Amino acid sequence: MKKQNVRTLSLILCMFSYLLVGAAVFDALESETESARRRILEQKRNEMRKKYRFSEDDYREIERVVLQAEPHRAGRQWKFAGSFYFAITVITTIGYGHAAPGTDAGKVFCMFYAVLGIPLTLVMFQSLGERMNTFVHFLLHKVKQCLGCRRTEVSMENMVLVGLLSCVGTLCVGAAAFSHFEGWSFFHAYYYCFITLTTIGFGDFVALQKKEDLQEKTPYVAFSFMYILVGLTVIGAFLNLVVLRFLTMNTEDERRDAQERASLKRDRGNQCREHYCEETCFAQTNQHQSGISFCACPNKLFFFHVMLLVFCLHVSLSALHAKRECISTGTRANWRLCPKVLSLYFQQEGF
Amino acid sequence: MKRQNLRTLVLILCTLTYLIVGAAIFDALESKKETSQSKDLRARKEDLRHRFNLSTSDFEKLENVVLLLKPHKAGLQWNFAGSFYFAITVITTIGYGHAAPSTDGGKVFCMLYALLGIPLTLVMFQSLGERINTFVRYLLHHLKKCLGMRRTEVSMVNMVIVGLVSCMTTLCAGALAFSHFEGWTFFQAYYYCFITLTTIGFGDYVALQKGEALQEKQGYVVFCFIYILMGLGVIGAFLNLVVLRFMTMNSEDEKRDAEQRALLAHKGQTGSSITCTVDPASPSSTGCSGGNAACGNSGGAASRGLRNVYAEVLHFQSMCSCLWYKSREKLQYSIPMIIPHDLSTSDTYMEQGESFSNPLYSNGCVCSLQHYSGISSVSTGLHSINTYRRLNKRRSSI
């Protein structure tokens, strides 16, 4: 099978295995807490309903109004500062959802805005990231010269190490800042920075949502915007260094194949046949250089990925089975944690 | 100023301007409705409070309970199907937030999961997108042949049109399906599909949240997952076609500059003046033979064996010849948008020829610079494999 096809199929299989394993682990980690918390909240709700004598309809009405009013709890979201924040979440594809366009015109404009803005932002971050990498490369080279190192060339490992350090540094700085300004724990602030800078953007933690922060604390607002944009650049630089080459792999291989076909067509002489062997030899060693060697036996690799998928299925199914067993035999290991966690949780929410 | 720096500065300015303009327009569109809605809801809350004789603190407690119960309204979120849905939103970076890990262990695992999963997914979608594009190109080519058209090469414009049409179709198909299953209007469902497939993922509209769908409607659940993944594949293919080349522009320019510097350094070292014959009629081998001699001299200095160097030079010669012939074909056509069937990179050489002020290019001898850089790299002791790889990377630039 063609190299690019094998690569694509292997990647698809990898992703599916990864999703299955992830689903099983999240299930194991979160299901118990979810059921327990739901039970306690529903209990509390029923208590309140009895206490204030709500009918079913009454409660539904209250629920509807409260849920509709939720986005307004954090103050005005659509003044200039809030809209700028929203525009950032659109074109960087973070998309918290803390504010989402309510009018139809807003939704339409949002879609057009994204169509042009997202590619612009992608290209901008990669461009700036590459510039940063070149600058860091230059700095490292000078540092190595100053330190009197024997070899002053900057290797890929050096660059990757510096990249990783700067990413972790960015996350920690953000975590320290947001835990101070938003009153979150360091871990929650770190989680917020991570989810933001990977552009996942759940929206469970969102900065600038404490009452009227967007209107009043202008320096903090400016800091937040700067942090998000600079942080995305640092992550973008790291992606540019490590991941971008893999994104163009299939295209490069197609071009190489096309050139081989063209050169075979044009030079049908011995010369061509002679160095075609050299070419394939080069091509194979080339792949090895690029870090993913698919040349050896493509079908073997495919088979390996099928086995990996089967293994992952097995892992996920056994995780599920273990969980079910745990519930049925009543050995709820983390029920011990549950009351404590939930009481802390309720304290936090002001019960 | 260096071209890459200028490009980067322009892009930064463009993005900042775009943000400011967007913010102003969103402000104009949404502020009024927000103010009126906020006032209205506050009045209704007060009204309810008075109706049930609740104190402010009691009402706040009730509000808190209602808000905390919100994620649970949609049913169990963390059984296997729900967790799979969540895992998809993490590694594709959609991130609705309809369900977010509440335990600390869940948060930690989520971060580690994303760390490995996001690059894997990026590479997978680009890989799949490139395969889709190649297949579409092949289909279009055969379609053109069947329709008996004069020129059967598939141009970039053809590909972009097909890409746009397939994106629109994907969005509309999803909109139809979700408006039916979720009870949204067509516009709301289209908006949902768009926000999902661009991976923004606000979470204001989320599928599989009505009527215990995650538990009971397995067929619909499977359809949703397949739709999201395939839709992302289609969008990824379009991005691969249109945007990816711009993301590698700066790197390509840096490499080209580095090679030029190496070439100049080599010229300074050896003092040899390798010229390329300009005569288009003569076979290109004469153009490259001068270089061959120089290579023969410096072959001994190369870190690899003489045999590999010789083979490499032969390879370059044949590359030279076929690319030279291709560039001649392009000049004859003089229609800028048509790209030859096998999508070789001679089009990139045409564009390079336009942008470079290098006198070598103005003669139309596009292969020479590449050939020289190959020789200079060999003679400076660089690994020949890296040369080959770097040259290939250079060819892929626009």
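Computed from a predicted model, the values in this text were never measured in an experiment.

*Asks:* Residues and numbers for the overall build of chain A, please.
*Replies:* When helices and strands are tallied, chain A shows 13 helices and zero strands. Secondary structure elements of chain A occur, N-terminal to C-terminal, as α-α-α-α-α-α-α-α-α-α-α-α-α. Residues counted as buried form 50% of the 351 residues belonging to chain A. Restricting the contact set of chain A to residue pairs at least 6 apart, pairs at least 24 apart contribute 66%. Summing over all exposed atoms, chain A offers an accessible surface of approximately 17100 Å²; the carbon and sulfur share of this is 64%.

*Asks:* I'd like a rundown of the UniProt feature "transmembrane region" (unreviewed entry) in chain B, residues and numbers included.
*Replies:* According to UniProt, the feature "transmembrane region" (unreviewed entry) maps to residues 6-29, 78-99, 105-125, 154-177, 189-208 and 220-247 of chain B in the numbering used here. Within the segment residues 189-208 of chain B, helix and strand shares are 45% and 0% respectively, and the terminal C-alpha atoms sit 13 Å apart.

*Asks:* Which residues make up the state of the cysteines, and what are the values?
*Replies:* Overall, the coordinates contain zero disulfides over all chains when judged by the stated rule. Free of any disulfide, Cys149(A) has its nearest neighbouring cysteine sulfur in Cys146(A), separated by 10 Å.

*Asks:* Which residues make up the side chain of Thr89(A), and what values go with them?
*Replies:* If you trace the backbone, Thr89(A) turns up in helix 3 (residues 80-91). Thr89(A) gets classed as buried once you look at its relative accessible area, which sits at 2%. In this structure the side chain of Thr89(A) is engaged in a polar contact, spanning 2.7 Å, whose partner is the backbone oxygen of Phe86(A). With near-sequence residues (within four places) excluded, Thr89(A) lies in contact with Ile94(A), Gly95(A), Tyr96(A), His98(A), Ile200(B) and Phe202(B).

*Asks:* Residue-level account of the interface of chain A and chain B, with values.
*Replies:* Opposite the 146 residues of chain A that make contact, chain B presents 143 residues. When chain A packs against chain B, the two sides together hide about 13800 Å² of surface, and 71% of this comes from carbon and sulfur. For the pair chain A and chain B, the number of links is 38 residue pairs in polar contact (both at pLDDT 80 or more). Counting residues per element, the side of chain A that touches chain B draws most heavily on helix 1 (residues 3-52) of chain A, at 31 residues. Considered class by class, the residues forming the side of chain A that touches chain B number 71 nonpolar, 42 polar and 33 charged.

*Asks:* Please give an account of the pattern of salt bridges that cites residues and values.
*Replies:* Applying the stated criterion across every chain, the model contains 24 salt bridges over all chains. With a closest N to O distance of 3.3 Å, Glu63(B) and Arg73(A) form a salt bridge. Linking Glu63(B) in helix 2 (residues 56-73) with Arg73(A) in the loop between helix 2 (56-69) and helix 3, this pair reaches from one chain into another. For Arg73(A), a relative accessible area of 38% gives the class partly exposed. As a salt-bridge pair, Lys2(B) and Glu254(B) come within 2.8 Å of each other at their nearest N and O atoms. Of this pair, Lys2(B) sits in the segment before helix 1 (3-51) while Glu254(B) sits in helix 10 (residues 249-270), and the two are 252 residues apart along the sequence. The exposure class of Lys2(B) is partly exposed, given its relative accessible area of 33%. Given the relative accessible area of 13%, Glu254(B) is considered buried. Salt bridges sharing common partners tie together Arg49(A), Glu56(A), Arg60(A), Glu63(A) and Lys73(B).

*Asks:* Describe the UniProt feature "domain: Potassium channel" (unreviewed entry) in chain B, with residues and values.
*Replies:* Listed under "domain: Potassium channel" (unreviewed entry) in the UniProt record, and renumbered for this structure, are residues 77-132 and 168-243 of chain B. Secondary structure over residues 168-243 of chain B splits into 74% helix and 0% strand, and the C-alpha atoms at its two ends are 18 Å apart.

*Asks:* Break down the UniProt feature "coiled-coil region" (unreviewed entry) in chain A for me, with residues and values.
*Replies:* Feature annotation in UniProt places "coiled-coil region" (unreviewed entry) on residues 26-65 of chain A, given in this structure's numbering. Taken end to end, residues 26-65 of chain A has its terminal C-alpha atoms 32 Å apart, with 92% of it in helix and 0% in strand.

*Asks:* Outline the packing of aromatic side chains, supporting the account with residue identities and numerical values.
*Replies:* By the definition in use, this model includes 50 aromatic pairs over all chains. With centroids separated by 5.9 Å and ring planes inclined at 45 degrees, the aromatic side chains of Phe26(A) and Trp78(B) adopt a geometry described as tilted. Of this pair, Phe26(A) sits in helix 1 while Trp78(B) sits in the loop between helix 2 and helix 3 (80-91), which puts the two residues in different chains. The aromatic ring of Tyr191(B) is capped on one face by Lys107(A), whose charged end is 5.4 Å from the ring centroid. The ring of Tyr191(A) carries Lys107(B) above its face, with NZ or CZ at 5.4 Å from the centroid.

*Asks:* Would you mind going over unusual backbone geometry in detail, with residue names and values included?
*Replies:* Residues and elements named next belong to chain A. Phi at Thr-199 is positive, roughly 60 degrees, even though this residue is not glycine. With respect to the helices and strands, the residue Thr-199 is situated in the loop between helix 6 (186-197) and helix 7 (213-216). On the basis of relative accessibility, which here comes to 14%, the residue Thr-199 falls in the buried class. Look at Leu-208: it is not a glycine, yet its phi comes out positive at around 60 degrees.

*Asks:* Tell me about the domain arrangement of chain B, and please be specific about residues and values.
*Replies:* Residues and elements named next belong to chain B. Examined at the domain level, chain B breaks down into domain 1 (1-73) and domain 2 (120-255). Domain 1 and domain 2 are separated by 30 Å when their C-alpha centres are compared. Taken residue by residue, the interface counts five residues in domain 1 and four residues in domain 2. With both sides pooled, the region where domain 1 packs onto domain 2 buries about 470 Å², and carbon together with sulfur makes up 26% of that total. Along the contact surface separating domain 1 from domain 2 lie three salt bridges. The interface formed by domain 1 and domain 2 includes six residue pairs in polar contact (both at pLDDT 80 or more).

*Asks:* How would you summarise the environment of Tyr138(B) if you had to cite specific residues and measurements?
*Replies:* As for its placement among the helices and strands, Tyr138(B) is situated in helix 4 (residues 104-146). Placed 15 residues apart in sequence, Tyr138(B) and Glu153(B) show a C-alpha to C-alpha distance of 9.8 Å.

*Asks:* Tell me about the UniProt feature "signal peptide" (unreviewed entry) in chain A, and name the residues and values.
*Replies:* Within the UniProt annotation, "signal peptide" (unreviewed entry) is assigned to residues 1-23 of chain A. In the segment residues 1-23 of chain A, helix accounts for 91% and strand for 0%; the C-alpha atoms at its two ends are 31 Å apart.

*Asks:* Can you break down a nonpolar patch on the surface residue by residue, with the values?
*Replies:* Residue and element names in this part refer to chain B. Residues Met-1, Leu-6, Leu-9 and Val-10 make up a contiguous nonpolar surface patch of roughly 420 Å² in combined accessible area. Examined against the element boundaries, Val-10 turns out to sit in helix 1. On the basis of relative accessible area, Val-10 is assigned to the partly exposed category, the value being 43%.

Analysis parameters
Residues numbered from 1 in each chain as written. Chains lettered and ligands numbered in written order. Predicted model: local features only at pLDDT ≥ 70, side-chain atom pairs only at ≥ 80, totals over all residues. Heavy atoms only, no water. Helix = DSSP H or I, 4+ residues; strand = E, 2+ residues; numbered from the N terminus. Buried < 20%, exposed > 50% of the residue type's maximum accessible area, 1.4 Å probe, protein only. Contact = heavy atoms within 4.5 Å. Areas by Shrake-Rupley, 256 points an atom, 1.4 Å probe, with all protein chains shown as cover. UniProt positions renumbered as here; feature names shortened; annotations may be inferred. Disulfide = S-S within 2.5 Å. Polar contact = N/O pair within 3.5 Å; in protein donor to acceptor, adjacent residues only side chain to side chain. Buried area = accessible area lost by both parts, 1.4 Å probe. Nonpolar A, V, L, I, M, F, W, Y, C, P; charged D, E, K, R; others polar. Salt bridge = Lys/Arg side-chain N within 4 Å of Asp/Glu carboxyl O. Phe/Tyr/Trp six-rings, centres within 6.5 Å; stacked < 30°, edge-to-face > 60°. Lys NZ or Arg CZ within 6 Å of the ring centre and 35° of its normal. Domains from an automatic or database assignment. Patch = residues over 30% accessible without salt bridge, like charges linked within 9 Å, V, L, I, M, F, W, Y side chains within 5 Å.

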